[in-house]
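# Fold and contact review
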Amino acid sequence: MKLLVINGPNLNLLGIREPGIYGDRSFGALCDFIQKSVDEVGAECELFQSNHEGAIVDAIQGALGRFDGIVINPAAYTHTSVAILDALSAVHIPTVEVHISNVMEREEFRHHSFVSSVAKKTYMGLGFEGYRRAVRYLVLGEE
Ligand code: DQA
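Here's a quick rundown of the structure. Here the structure is a predicted model, which means the values were calculated and not measured. The residue numbering used here restarts from 1 in each chain and proceeds along that chain's sequence as written. Local features in this predicted model are restricted to residues of pLDDT 70 or higher, and side-chain atom pairs are both shown and tallied only at a pLDDT of 80 or more, whereas totals for entire chains, interfaces and linings draw on every residue. Only hydrogens and water are removed before side-chain values are computed, so all heavy atoms of the structure are retained for them.

## Observations regarding the site of the ligand
Which entries qualify depends on this criterion: Nearness of a residue to a molecule or strand requires only that one of the residue's heavy atoms be within 4 Å of it. Distance and chemistry together define a polar contact, namely a pair of N or O atoms within 3.5 Å, with one atom able to donate a hydrogen and the other to accept it when in protein, and with adjacent residues in sequence counting only for side-chain atoms on both sides. Gly is put with the polar residues, along with every residue not named as nonpolar or charged; the nonpolar set is Ala, Val, Leu, Ile, Met, Phe, Trp, Tyr, Cys and Pro, and the charged set is Asp, Glu, Lys and Arg.
Near the ligand the following residues occur: R17, Y22, N73, A75, A76, H79, H99, I100, S101, V103 and R110. R17 is positioned such that a nitrogen or oxygen atom in its side chain is 2.8 Å from an oxygen atom of the ligand. Here an oxygen atom of the ligand sits 2.8 Å away from a polar atom, N or O, in the main chain of I100. Its residues placed into classes, the shell around the ligand shows 5 nonpolar, 4 polar and 2 charged.

This is the structure:
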């Protein structure tokens, strides 16, 4: 089983960016954590991060026929991007949405997610652990 893990804008600044909300661990530490979570279940993954909406759309389109599942934290594009929603609907690859923070307990503009309507599952407010849960859900069907 091969997973594509997509992280959206500003997640590359983890550790520097608002540590009170996102924690003090770096993006590199997140990548290591995701890789370990994927290794644990005997799967494979490719990690992709971009600050650009179109690049994320391209990555989703490129996943067709190559990946069995997508884990995505679209970051700010969660709340704005019909293009990312449409790309996920088009490729029809089982997708799990992750947010490090609990967006429902933050500003009102973060409460709506376009991606949630196509995601099989959303994990939020669990920090890095949300990615591990997403991987286990896709590979093992574990809730
Ligand atoms: C985020 C939450 C979004 O609202 C925000 O724009 C992000 C990160 C999270 O992981 O908690 O950049 O997706």
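And the narrative resumes.
## Comments concerning the side chain of T78
This is how it is decided: Runs of H or I in DSSP of at least four residues are treated as helices and runs of E of at least two as strands, each being numbered from the N terminus. Throughout, exposure labels follow a simple rule: accessible area from a 1.4 Å probe, protein chains only, divided by the maximum for the residue type, with under 20% read as buried, over 50% as exposed, and the rest as partly exposed. Should any heavy atoms of two residues lie within 4.5 Å, those residues are counted as being in contact.
Among the structural elements, T78 can be located in the loop between β3 (69-73) and α4 (82-91). Overall, T78 belongs to the buried group, its relative accessible area being 0%. A polar contact is formed between the side chain of T78 and the backbone oxygen of A75, at a distance of 2.5 Å. Contacts of T78, omitting those with residues within four sequence positions, involve E97, H99, H112, S113, F114 and V115.

## Some points on the nonpolar core
Filter applied, for reference: Within this scheme, the nonpolar core is defined by two criteria: the residues are buried Ala, Val, Leu, Ile, Met, Phe, Trp, Tyr or Cys, and they are joined through side-chain atoms within 4.5 Å.
Formed by 26 residues in total, the largest nonpolar core has its most connected members in L14, L30, V71 and Y131. Every element with two or more residues in this core is listed here: β1 (2-7), α2 (27-40), β4 (95-99) and α5 (129-140). Residue contacts for Y131: discarding those within four places in its chain leaves V5, N7, L11, L30, I34, V71, N73, V98 and I100. Core analysis: the next-biggest nonpolar cluster, separate from the first, contains 16 residues, L4, I6, I60 and A63 among them.

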